[in-house]
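Summary of structural features
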Amino acid sequence: DQQVKQNSPSLSVQEGRISILNCDYTNSMFDYFLWYKKYPAEGPTFLISISSIKDKNEDGRFTVFLNKSAKHLSLHIVPSQPGDSAVYFCAAPLKPGYSSASKIIFGSGTRLSIRP
Amino acid sequence: EAQVTQNPRYLITVTGKKLTVTCSQNMNHEYMSWYRQDPGLGLRQIYYSMNVEVTDKGDVPEGYKVSRKEKRNFPLILESPSPNQTSLYFCASSLTAGPTLNSPLHFGNGTRLTVT
């Protein structure tokens, strides 16, 4: 049972427009959420995070919105640039009852392509 | 340069031939973890380690072993690889004993393993 879901495997957006990547979750106990970005032949890199007590976090062209009632978060990229073409993973921490450390659960990813 | 280094980057092997994928980080991070990435499944955790000599199972530990004898190294061992372990593997680390909002995971560049 996937606790963090990205239902869109791919998204194509024109350069300069807004890219919106979506993520749904089932566990209302997540303390925070993260977005990672992954280029081919590289490991994922941390992009932006949001605490569960907030509904928005902005960092330059990237903004993450959290809708707790809908258990939904989204990543907005404005304006989209060619270098934004990558796979984006949303993620959240899960603390197993037997461990004091959180493990990060990842969604299945959305491949974003920015077309000229 | 602060980084997580995995070796090898690519590995093709045959069923049953023991192999080790090495992982080293130079950031003095407490926490290290292994993930595998498969199409449509995102990143799934194999094993993690909160500190030296402390390791624990993730979501998909079957067929894998790990050890954490030194803080900087966290090798992944496949004693008897099988074709269903063909995947893209990532090692990751975080500063604190478990990733947090302010101490996200840092990933290596991945190891693509093919078991025939």
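One can find the structure itself at the top, above this paragraph.
A few points on the structure.

1. Let's talk about the sheet that holds strand S3 (residues 19-25) of chain B
Residue and element names in this part refer to chain B. Pairing is antiparallel across the open sheet formed by four strands, whose spatial order is S1-S3-S8-S7. Each of the sheet's edge strands pairs with one partner strand only, and the pair in question is strand S1 (4-7) and strand S7 (65-66). Taken together, the four bridges between S1 and S3 define a ladder with antiparallel strand orientation. Paired with Gln 6 across the bridge in S3 is Cys 23.

2. With respect to the pattern of salt bridges
All chains considered together, the criterion is met by eight salt bridges over all chains. Salt-bridge contacts for Lys37(A) lead to Asp84(A); the nearest nitrogen and oxygen are separated by 4.0 Å. Of this pair, Lys37(A) sits in strand S4 (residues 32-38) while Asp84(A) sits in the loop between strand S8 (72-77) and strand S9 (86-94); the two residues are 47 residues apart in sequence, bridging distant segments of the chain. Exposure remark for Lys37(A): the relative accessible area of 11% places this residue in the buried category. Between Lys71(B) and Glu30(B) there is a salt bridge, and its shortest N-O distance comes to 2.9 Å. Placement of Lys71(B) in the loop between S7 and strand S8 (76-78) and of Glu30(B) in the loop between S3 and strand S4 (31-38) is noted, with a sequence separation of 41 residues between them. Look at Glu30(B) and you get partly exposed, because its relative accessible area is 21%. Several salt bridges share partner residues, and in doing so they unite Lys37(A), Arg61(A) and Asp84(A) into one network.

3. Digging into the interface of chain A and chain B
The partner chain B presents 27 residues to the 24 residues of chain A that form the contact. Together chain A and chain B conceal approximately 1,900 Å² of surface at their shared face, both sides included; 58% is due to carbon and sulfur atoms. Looking at the side of chain A facing chain B, the largest losses of area belong to Pro44(A), Lys103(A) and Phe106(A), adding up to 25% of the total buried there. Counting across the chain A and chain B interface gives zero salt bridges. At the junction of chain A and chain B, the tally comes to five residue pairs in polar contact (both at pLDDT 80 or more). Listing elements by their share of the side of chain A that touches chain B, those giving two or more residues are S4, strand S5 (45-51) and strand S10 (103-106) of chain A. Grouping the constituent residues of the side of chain A that touches chain B by class yields twelve nonpolar, nine polar and three charged.

4. Describing the state of the cysteines
Residue and element names in this part refer to chain B. The full count for this structure, using the stated rule, is two disulfides over all chains. Each sulfur in the disulfide pair Cys 23 and Cys 91 lies 1.9 Å from the other. Residues Cys 23 and Cys 91 are joined by a disulfide whose S-S torsion is about -75°; by sign, that bridge is left-handed. One end of the pair, Cys 23, is in strand S3; the other, Cys 91, is in strand S9 (residues 87-94), with 68 residues separating them in the sequence. Classification of Cys 91 by relative accessible area gives buried; the value is 0%.

5. Describing the sheet that holds strand S1 (residues 4-5) of chain A
Residues and elements named next belong to chain A. Read from one edge to the other, the open sheet built from five strands follows the order S1-S3-S8-S7-S6, with strand pairing classed as antiparallel. Edge positions in the sheet fall to S1 and strand S6 (56-59), since each of these pairs with one other strand and no more. Pairing between S6 and strand S7 (residues 62-67): four bridges, direction antiparallel. Counted as the bridge partner of Asp 59 is Phe 62 from S7.

What counts as what
Residues numbered from 1 in each chain as written. Chains lettered and ligands numbered in written order. Predicted model: local features only at pLDDT ≥ 70, side-chain atom pairs only at ≥ 80, totals over all residues. Heavy atoms only, no water. Pairing = 2+ DSSP bridges. Helix = DSSP H or I, 4+ residues; strand = E, 2+ residues; numbered from the N terminus. Salt bridge = Lys/Arg side-chain N within 4 Å of Asp/Glu carboxyl O. Buried < 20%, exposed > 50% of the residue type's maximum accessible area, 1.4 Å probe, protein only. Contact = heavy atoms within 4.5 Å. Buried area = accessible area lost by both parts, 1.4 Å probe. Polar contact = N/O pair within 3.5 Å; in protein donor to acceptor, adjacent residues only side chain to side chain. Nonpolar A, V, L, I, M, F, W, Y, C, P; charged D, E, K, R; others polar. Disulfide = S-S within 2.5 Å.

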